[in-house]
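Take a look at the letters that make up each chain.
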Amino acid sequence: MTSLSSNPKERAYGRFTAQMALDIAAPHTWPAAIVPVAVATSLAIATGYQVSATLAVVLLAICILMQSSVNTFNDYYDYVKGTDSSEDDVDPTDAVLIYNNVNPRSALVFAIALLISAFVLGGYVIYHAGLIPLAIGAVGAVFVVLYSAGKTPISYLPLGEAVSGIVMGGLIPLACYQVLTGVLTPLAMLWALPEILGIGLIMFTNNTCDIEKDIVAHRRTLSVLLNREKARTLYHAILWLWLIAIILIVGVFFTQGLIMIPFMLLSTYPLLKALRSNPLAPNTRQAAMSQICSVNIALGAWYAAAILASNSVIVW
């Protein structure tokens, strides 16, 4: 295990570089921020609203900043608590504090700066859309901090998948749709269900691969409680539910978009097959994370395309 020295003066740290900052922000996880914004933008267009490209870009930047902040906070607290070590099967670029002699407090400052930057950009959004997105963003920011910080962070409980899915996959589309249209509707959360499931699976993938490591760290994640065999069974069921949710939502609300579904199934079949075949074990963690992120991008893009292919939405 790696931990901080009890006396910082005993240790000479190197510089926290721009490349390290980019690595710890984990761009490979950004689909969890990008796809929900793309879906929300498609929803706004499909429901007949004129969308501001500037607002859409600012929303995208805010969501990427918040996702990067989550990643950085998580790496910082895992390092401080000794959860991460060089013995784990991770890419060195995905474990900046483990493989580089830098002051971990630099990462903490960077995480806070990312969060502050997101709220600064949020000022522009609030100016155009009012206080509703601020309230939704504040809820998201609270969960960003609680996910990794505190005596018992959310990442140590069997709630991580649900929280990450609802916050990133649900609240982001809800807030973005309200900003782009001026309308706050619970339908936006229903339409975001595929993103809630997809982003929740990113966390489920990570936690199932890390079962042994999390047991040692006294983490009681959903995967730890279930064990790998049962976790994979539930994982595969959610994969099916994800596909079914897309087909049903498009079929009920965006009927003309059904023309895109066969193309979605054909193009994503190889990705889904590879992901289903992955044992979700420590030695396949890197491959599994790459696969689930690729599936999120593919299904999210096809879902957005199906929404756009519909000239109008049917609201019951």
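Residues numbered from 1 in each chain as written. Predicted model: local features only at pLDDT ≥ 70, side-chain atom pairs only at ≥ 80, totals over all residues. Heavy atoms only, no water.

**Let's talk about the pattern of salt bridges**
Here is step 1: Considering all chains together, one arrives at three salt bridges under this definition.
Here is step 2: In this structure, glutamate 212 and arginine 228 form a salt bridge, with 2.8 Å as the shortest nitrogen-oxygen distance. Of this pair, glutamate 212 sits in helix α10 (residues 211-216) while arginine 228 sits in helix α12 (residues 228-253), placing them 16 residues apart in sequence. (Salt bridge = Lys/Arg side-chain N within 4 Å of Asp/Glu carboxyl O. Helix = DSSP H or I, 4+ residues; strand = E, 2+ residues; numbered from the N terminus.)

**Structural notes on the packing of aromatic side chains**
Here is step 1: Tallying each qualifying case throughout the model produces nine aromatic pairs.
Here is step 2: Arranged with centres 5.0 Å apart and planes meeting at 80°, the rings of tyrosine 76 and tyrosine 77 form a pair that is edge-to-face.
Here is step 3: Owing to a relative accessible area of 10%, tyrosine 76 belongs among the buried residues under this scheme.
Here is step 4: Overall, tyrosine 77 belongs to the partly exposed group, its relative accessible area being 21%.
Here is step 5: Centre to centre, the rings of phenylalanine 204 and tyrosine 235 are 5.6 Å apart; their planes meet at 55°, and the pair counts as tilted. (Phe/Tyr/Trp six-rings, centres within 6.5 Å; stacked < 30°, edge-to-face > 60°. Buried < 20%, exposed > 50% of the residue type's maximum accessible area, 1.4 Å probe, protein only.)

**With respect to the packing of α12 against helix α13 (residues 261-277)**
Here is step 1: One can describe the packing of α12 onto α13 by two numbers: an axis separation of 12 Å at closest approach and a directional angle of 170°. When the axes of α12 and α13 are compared, the pair comes out roughly antiparallel. For the pair α12 and α13, contact is made by Arg232, Tyr235, His236, Leu239, Trp240, Leu243, Ile246, Ile247 and Val250 and by Ile261, Met264, Leu265, Leu272, Leu275, Arg276 and Ser277, respectively.
Here is step 2: Looking at the contact of α12 with α13 residue by residue, the class counts come to twelve nonpolar, two polar and two charged. (Axes fitted to C-alpha atoms, helices over the stretch in contact; angles between N-to-C directions. Parallel < 35°, antiparallel > 145°, perpendicular 65-115°, else oblique. Contact = heavy atoms within 4.5 Å. Nonpolar A, V, L, I, M, F, W, Y, C, P; charged D, E, K, R; others polar.)

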